Amino acid sequence: MAPSKSTPATSPETAAYIELFKSIGLTQAKAAEAAKSAKSAALLQRLIEKHELTGGRIDEKQAGLVAALAVQGAKMEEDERGYIVDAIIHGRLKSNDQVNAAVRYLESHHLPVDDAQFDTECGVGFNITPEALANAVSEYVNSPAVAGWTSMGTTITALKSTPELRWANPLELKNAVESALTDRFGAKEAAKPKSKVRTQVGKGYFEAETSPASAPVAYNSTVFEEGFLGKLHKPGENPQVTPALRDAHLKATGGLVYTRFPPEPNGYLHIGHSKAIFINFGYAAHYGGRCYLRYDDTNPEAEEAAYFESILETVRWLGYEPWKITYSSDYFDRLYDLAVELTRRDKAYVCHCTGEEIHAHRGGDDGGARTACIHHTRPIEESLREFENMKLGKYKPGEAILRMKQDLDDPNPQMWDMIAYRVLLAPHHRTGDKWKIYPTYDFTHCLVDSFENISHSLCTVEFIASRQSYEWLCDAVDVYKPRQSEYGRLALQGTITSKRKLLALVKEGYVLGWDDPRLYTLIALRRRGVPAGAILSFVGGLGVSTAGSNIQLARFDQAVRSCLENSVPRLLMVLKPLKVTLENVPEDYVVFVEKALHPKVPALGTARLPFTRTVYIDRDDFRLEDSADYFRLAPGKTVGLFQGPHPITCTSYKTDPATGEVTELICRLENGTDGNAPKKPKAFIQWVAEHAQSGSPADVDPNSLETVTGALVEVGFWALAKRAYADANATEARPADPDTPAVTSAQLVGKECVRFQGLRVAYFALDNKDARIACLDETENVAPGRRQGDYLVLNRIVSLKEDSGKASV
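Not measured: the values here are computed from a predicted model.

Colleague: Please explain the overall build of the chain as it appears in this structure.
Modeller: Secondary structure summary: the chain contains 25 helices and 29 strands in total. Residue burial in the chain is summarised as follows: out of 809 residues, 51% are buried. Excluding contacts between residues fewer than 6 apart, the proportion of contacts in the chain whose partners are at least 24 apart in sequence is 70%. With the model as given, the accessible surface of the chain reaches about 37400 Å², and the carbon-plus-sulfur share is 50%.

Colleague: Is there a simple way to explain the nonpolar core in this structure?
Modeller: Generally speaking, nonpolar side chains in soluble globular proteins are found buried as a group. Counting residues in hydrophobic clusters, the biggest one holds 58 residues, and the most contacted among them are Leu665 and Phe717. Of all the secondary structure elements, the ones that give two or more residues to this core are β16 (577–582), β18 (606–612), β19 (614–618), β20 (638–641), β21 (648–655), β22 (662–669), α24 (716–728) and β28 (762–766). A per-element tally of this core places α24 first, with seven residues. Excluding residues that lie within four positions of it along the chain, Leu665 makes contacts with Leu578, Lys579, Val580, Thr581, Ile617, Phe622, Leu633, Cys650, Ser652 and Tyr653. Among the nonpolar cores identified, the runner-up in size contains 54 residues, and Leu318, Leu525, Val568 and Val798 belong to it.

Colleague: Even after reading the chapter, I still don't get the packing of helix α15 (residues 332–344) against helix α17 (residues 380–391), so can you show me in this structure?
Modeller: The relative placement of two packed helices is expressed as an angle between their axes plus a distance between the axes. Contact pair α15 / α17: the axes reach a minimum separation of 9 Å and the direction vectors enclose 155°. Here α17 runs roughly antiparallel to α15, going by the angle between their axes. For the element pair α15 and α17, the recorded crossing hand is right-handed. Contacts between α15 and α17 pair Tyr336, Ala339, Val340, Thr343 and Arg344 from the former with Ile380, Ser383, Leu384, Phe387, Glu388 and Lys391 from the latter.

Colleague: How should I be thinking about the pairing of strand β4 (residues 290–295) in this particular structure?
Modeller: Here is the key point about a regular strand: its side chains alternate between the two faces of the sheet. Among the six residues of β4, six are classified as buried, and the element is accordingly described as predominantly covered. Going residue by residue along β4, you find Arg290, Tyr292 and Arg294 tucked away on one face and Cys291, Leu293 and Tyr295 tucked away on the opposite face as well. Of the strand pairs in this sheet, strand β3 (residues 258–261) and β4 are connected by four bridges, and their pairing is parallel. Bridging from a neighbouring strand, Phe261 pairs with Leu293 of β4. Strand direction decides the pairing type here: β4 and strand β5 (residues 324–327), joined by four bridges, are parallel. When the bridges of β5 are listed, Leu293 appears paired with Ile325. In this fold, β4 hands off to helix α14 (residues 305–317), which returns the chain to β5; that crossover is right-handed.

Colleague: Teacher, can you tell me more about the sheet that holds β21 here?
Modeller: Either a parallel or an antiparallel arrangement is found when strands of a sheet pair, and the pairing is made through backbone hydrogen bonds. With mixed pairing, seven strands are arranged side by side in an open sheet as β23-β20-β21-β22-β16-β19-β24. Single-partner strands in this sheet number two, and they are β23 (684–685) and β24 (688–689).

Colleague: I keep staring at the environment of Thr460 and nothing clicks. Help me out?
Modeller: As for its position among the elements, Thr460 is in strand β10 (residues 456–460). Thr460 gets classed as buried once you look at its relative accessible area, which sits at 15%. Distance in space between the C-alpha atoms of Thr460 and Lys275 is 9.8 Å, their sequence separation being 185 residues. Excluding residues within four positions of it along the chain, Thr460 makes contact with Glu486, Tyr487 and Arg489. Polar side-chain contacts of Thr460 include one of 2.8 Å to the side chain of Glu462.

Colleague: Would you take a moment to explain unusual backbone geometry for this structure?
Modeller: Across residues other than glycine, the phi torsion is negative in most instances, and most of the peptide bonds are trans. The peptide bond linking Leu111 to Pro112 adopts the cis configuration, its omega dihedral lying at -5°. In this structure, Pro112 sits in the loop between α6 (96–108) and α7 (115–121). Even without glycine at this site, Gln643 takes up a positive phi of about 60°. With respect to the helices and strands, Gln643 occurs in the loop between β20 and β21. When its relative accessible area of 36% is taken as the criterion, Gln643 is described as partly exposed.

Colleague: Would you mind showing me how to read the packing of aromatic side chains here?
Modeller: How two aromatic rings sit relative to each other is set out by the distance from centre to centre and by the angle between their planes. For the coordinates displayed, the defined rule picks out 30 aromatic pairs. Relative to Tyr327, the ring of Phe308 lies with its centre 5.9 Å away and its plane at 40°, an arrangement referred to as tilted. Of the two residues, Phe308 sits in helix α14 while Tyr327 sits in strand β5, which places them 19 residues apart along the sequence. With a relative accessible area of 17%, Tyr327 lands in the buried category.

Colleague: Honestly, the pairing of β10 in this entry has me stumped. Any pointers?
Modeller: The element β10 is extensively covered by neighbouring structure, given that five of its five residues are classed as buried. Residues His456, Leu458 and Thr460 line one face of β10 and the alternating positions Ser457 and Cys459 line the opposite face, and both faces are buried. For the crossover from β10 across helix α19 (residues 466–476) to strand β11 (residues 483–487), the handedness is right-handed.

Colleague: How do you make sense of the sheet that holds strand β29 (residues 794–799) when you look at a structure like this?
Modeller: Ordered by their spatial adjacency, four strands build an open sheet running β14-β27-β28-β29, and the pairing between neighbours is mixed. The open sheet has two edge strands, β14 (570–571) and β29, and neither has a second partner. Pairing of strand β27 (residues 755–758) with β28, which is carried by four bridges, proceeds in the antiparallel orientation. Opposite Arg755, over in β28, you have Ala765 as the bridge partner. Running over the sheet, helix α23 (residues 553–565) touches β14, β27, β28 and β29 and is turned about 110° from β29. Each of β14, β27, β28 and β29 is contacted by α24, which is oriented at about 150° to β27, the strand it contacts most.

Colleague: For this particular structure, what's the right way to read the pattern of salt bridges?
Modeller: Oppositely charged side chains can form a pair if their charged atoms are brought close together. Taken as a whole and judged by the stated rule, the model has 35 salt bridges. One salt bridge connects Glu78 with Arg81, and the closest N-O pair in it is separated by 2.9 Å. You can see Glu78 and its partner Arg81 sitting in helix α5 (residues 78–89), three residues apart, about one turn around the helix. Residue classification places Glu78 among the partly exposed residues on the basis of a relative accessible area of 29%. Note on Arg81: relative accessible area 4%, which makes it buried. Ionic pairing is found between Arg526 and Glu752, a salt bridge with its closest N-O pair at 3.0 Å. Linking Arg526 in helix α21 (residues 522–528) with Glu752 in the loop between α25 (745–748) and β27, this pair joins segments that are 226 residues apart in sequence. On the basis of relative accessibility, which here comes to 8%, the residue Arg526 falls in the buried class. Where salt bridges share partners, they join Asp515, Arg527, Asp767, Lys769 and Asp770 into one cluster.

Colleague: What exactly am I supposed to notice about the confidence of the model for the chain here?
Modeller: Reading predicted coordinates in detail is not appropriate for stretches of low pLDDT. Summarising the model, the chain shows a mean pLDDT of 85, and 89% of its residues fall at 70 or more. Here residues 190–218 is modelled with pLDDT under 50, and outside its nearest four sequence neighbours on either side it reaches 76 contacts, counting other chains as well. Here residues 803–809 is modelled with pLDDT under 50, and outside its nearest four sequence neighbours on either side it reaches seven contacts, counting other chains as well.

Colleague: What's the story with the packing of helix α3 (residues 38–51) against helix α4 (residues 60–72) in this structure? I'm lost.
Modeller: One can describe the packing of α3 onto α4 by two numbers: an axis separation of 8 Å at closest approach and a directional angle of 130°. Compared by their axis directions, α3 and α4 come out oblique. Crossing handedness for the pair α3 and α4: right-handed. Across the interface between the two elements, Ser40, Leu43, Leu44 and Leu47 of α3 pack against Val66, Ala67, Leu69, Ala70 and Val71 of α4.

Definitions and limits used
Residues numbered from 1 in each chain as written. Predicted model: local features only at pLDDT ≥ 70, side-chain atom pairs only at ≥ 80, totals over all residues. Heavy atoms only, no water. Helix = DSSP H or I, 4+ residues; strand = E, 2+ residues; numbered from the N terminus. Buried < 20%, exposed > 50% of the residue type's maximum accessible area, 1.4 Å probe, protein only. Contact = heavy atoms within 4.5 Å. Areas by Shrake-Rupley, 256 points an atom, 1.4 Å probe, with all protein chains shown as cover. Core = buried A, V, L, I, M, F, W, Y, C linked by side-chain atoms within 4.5 Å. Axes fitted to C-alpha atoms, helices over the stretch in contact; angles between N-to-C directions. Parallel < 35°, antiparallel > 145°, perpendicular 65-115°, else oblique. Left-handed = near helix turned anticlockwise from the far one by under 90°. Pairing = 2+ DSSP bridges. Right-handed = clockwise from strand over helix to strand, strands pointing away. Polar contact = N/O pair within 3.5 Å; in protein donor to acceptor, adjacent residues only side chain to side chain. Phe/Tyr/Trp six-rings, centres within 6.5 Å; stacked < 30°, edge-to-face > 60°. Salt bridge = Lys/Arg side-chain N within 4 Å of Asp/Glu carboxyl O. pLDDT = per-residue confidence, 0-100.

What follows is the structure in structure tokens.
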């Protein structure tokens, strides 16, 4: 299991924030959440003080909206935030969705604004009659865009994106869609097992994991049509030195969008990379284009085969199939020829300066005057000869470099004669010992983009300064010039994504590897059990702009919960077992209980659980001293067992003589056999029965990362695990490009697809590395169950959302 986290001591400043936030109506849990970020907490404090929100002026829901504004509106002007606060106070804005819309509106409209237009854009006073809603939904459902019940998720998404239904009540909209689908296609059939869905895009495939209980990835496809991505140029509109270059590009691409995801194979992808994958593959797919997976393998000293394999596997796991897989090294000969040509044009020269000398010539630490080095004006033929010597291995690393002759007077540091080639005496994984010189990123990236006819070179904002050098080099050698456009990076607060820091954690033994479930590398998130669809939903829901996204971890967790809520079964689970013996039933007593695996999703099926004389409850559900506000088990008290046949009453208990710890409860099963009507319990607790014949309980490996040992899961786990694993492996997709490595089932799904909600505990997944479950590999006709040598290891995917309306006990 994933590790439990100790609760750090609350600082006096944080405690003060929490008390202040509670004074406006926030619950303890929400106040603590709002106080986690010092920046947003300070802003919320200013909003409270400026608008005098204490003293019951606003209710709990409004307080939550103001807290959301403190996060969403961090970059807004004070008067713009004030306008939104007033709209919340006066009841115009009533939901987080409306507050988000208000923030977006004021980002593009400066005060004073048209109140009526603001209200329209933010859904203020929105009202639609049931008849009008039904008519609008029916019109869309009866269009060719809807193919059947399988289109329900996309139908709701499409309708929600229309101006007239943008603010419709989600439940009413869902019900209207179901009614319209029933009218057109008949009653919904029983859901089919999970499978892989393949949608062809150009010559590539988009792969998505679906299930009977989950809708398609829940992000609005208009993310590719609005904001930053919506303003991108159309293929062919990027300017060229000559019209012939544009014409040749359009002829090669057919006017399609061409993008690429170009990772360096020197580490494992992390959560931030998921945004780049989503944007590059998603943008191309949305417009019917093509996306390359290109390995930027120009540094043989840092590359490993494991990184190449992991990157491809991760891209496929996220649901994307590259149109082609290429390597920068595929173009080493062409790149070398262009380096020679650049030198012939007197736009490159061989330099022998040290790194310290280059830094000094560029102005040094104090930003002084920039000067050209003595090699800047060396004769062209001499540079060509020296570059050939570099190629032949006559120089050691650091003794000679090829630099582009750009513009030292330009204020952009990326124009200060950047390095094009350097000497590296390391064998390359694809070219072996052929090369002693390797091109740099600044030389390679733009030219390979050009070779591959990329129409949209999409990258993060730290490369803005590189755009000038990118375009300069393409024009300097007269090749097609792609357009580079930059978007904001994605970061999750409190996570480590630096390759250097992650490597240190791995090497120094602080974590168990790059896929340790506590990390936020994508292979770690997959091992933890986070569905690929949840990551795409999270990234897509953030939108794309030039601003960086430093997102609170709670928002990511909520996206994961939303994905899992109606798509995974719910099992009884006891983390800290306490034995219960039922004194008034025989030793061989057993009753089987049929339990729904999800109360709202019948398609997930049922589990048949044994109920016996010996059951286990969670130790936290029992206390020796009763109180008026405590409703679970205590001596002399009756409690219900969740979906169990009868309540139980504690009559006595046993303790450890040495420690005094309670070791066993003696209880009476309130089955009415004593002639007394059973008491109606005020609370229900979880339980797991002991029944070796059916493999109950399923016990979790006590040596896993989780500090809780001896956890128990209901026997329904075995059937769930076998079915989930078989369904996920039912279909194996094939790539379109015959030169692309074949897709394997292991790349798309693993044991982590066995997911469930432990009732009242958390969401869990089977560990895809250490867990051993024999029945997963058995044929369909063999009944699932515990086998000799089974080793159950679970990872906590995410905690359950805390219900602040319930008092803790």
